[in-house]
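As a plain string of letters, each chain reads:
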Amino acid sequence: MLDIYPILCRAGTMDNYSYLLVDKESLDAAIVDPSETAPIVAECEKHHIKPKYIFNTHHHFDHTDSNLDIKNLFQAKVVANKADSHRISGFDIAVQDGDDFWLGKSQAKIMDVSAHTQGHILWYFPQDKALFTGDTLFNLCVGGLFEGSVEEMFEALAKIKSLPDDTSFYPGHEYTMHGAYNALRLMPDSKDLHKYIQKAQQKLALGLPVAPVTLGEEKCCNPYLMAENLQKLKHFL
Ligand code: FE
Ligand code: ZN
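These figures come from a predicted structure and were not determined experimentally. (Residues numbered from 1 in each chain as written. Chains lettered and ligands numbered in written order. Predicted model: local features only at pLDDT ≥ 70, side-chain atom pairs only at ≥ 80, totals over all residues. Heavy atoms only, no water.)

A short note on the overall build of the protein
The helix and strand tally for the protein stands at nine helices and 14 strands. Since a compact globule built from 237 residues should have a radius of gyration of about 18 Å, the 17 Å found for the protein is in line with a globular shape. For the protein, the spread of C-alpha atoms along the principal axes amounts to about 50 × 40 × 35 Å. When contacts within the protein are restricted to residue pairs at least 6 apart in sequence, long-range pairs at least 24 apart make up 59% of them. (Helix = DSSP H or I, 4+ residues; strand = E, 2+ residues; numbered from the N terminus. Rg over C-alpha atoms; globule rule 2.2 N^0.38 Å. Contact = heavy atoms within 4.5 Å.)

Structure, rendered in structure tokens:
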């Protein structure tokens, strides 16, 4: 089982989240999407942890910029999609759709969700009911289509929707209020949405991330996840 610590990076500009994952049994640790070195090193020091791995979701700079720093500081290995081996800095270990990767005794399943970028992967820990969604799924919104089609995003969201409702998801950015603005425009009368936003605002006011939210909650409020067909998703995007 994992301990999961969100690390806000690029605060006030891009509001990225990197995450420190620690397998409780082995104390093996990983950083998901190292975005900014100083806050990540501070979080590792706070827990007296040297990460063994870097897990990337996709190649964009705001998710990989500190790969080399973290790799050099901690002798960590970079684990990423084989398809991105040529464009992820410090690439060491290839994974691909359907693979299992073990962080100590914690099992991750790799899911390819090419849409935001080709080769974007999710890191899914079924026993922990935890899903790291990078720039594919955010709170109340989804990532832009930089290298993919609406069809591919529809497929990616279908894969996410097929996971159990009690799965918690951990996005690559704090974009909740941006998502809320847009979701309210699309579904102004949704009681679930108003409740979701109220809860999110309370967390943000305390300086906490809105994540984790369960997929069950997200499915009732995120218009993109709720789009039941391609036409609807096209209309929203
Ligand atoms: Fe991105
Ligand atoms: Zn990003």
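Side note on the environment of Lys129
Here Lys129 is to be found in the loop between strand E9 (121-125) and strand E10 (130-134). In this structure, Lys129 is in contact with Asp166, Thr167 and Ser168, ignoring residues within four places of it in sequence.

Some thoughts on the pattern of salt bridges
Applying the stated criterion across every chain yields a total of 13 salt bridges. With a shortest N-O distance of 3.5 Å, Lys234 and Glu151 are connected by a salt bridge. Note that Lys234 is positioned in helix H9 (residues 230-236) and Glu151 in helix H4 (residues 150-161), a separation of 83 residues in sequence. Among the residues examined, Lys234 registers a relative accessible area of 37% and is labelled partly exposed. (Salt bridge = Lys/Arg side-chain N within 4 Å of Asp/Glu carboxyl O. Buried < 20%, exposed > 50% of the residue type's maximum accessible area, 1.4 Å probe, protein only.)

Points about the sheet that holds strand E5 (residues 77-81)
Within a sheet, each strand pairs with its neighbour through backbone hydrogen bonds, oriented either parallel or antiparallel. Strand order in this open sheet of six strands is E1-E2-E3-E4-E5-E6, and the pairing throughout is mixed. Each having just a single partner strand, strand E1 (2-9) and strand E6 (91-95) make up the two edges of the open sheet. Taken over all neighbouring pairs, the strand axes of this sheet differ in orientation by 25 degrees on average, direction set aside. Sheet topology note: the E5/E6 ladder contains four bridges and is parallel. Bridged to Val79 within E6 is Ile93. (Pairing = 2+ DSSP bridges. Axes fitted to C-alpha atoms, helices over the stretch in contact; angles between N-to-C directions.)

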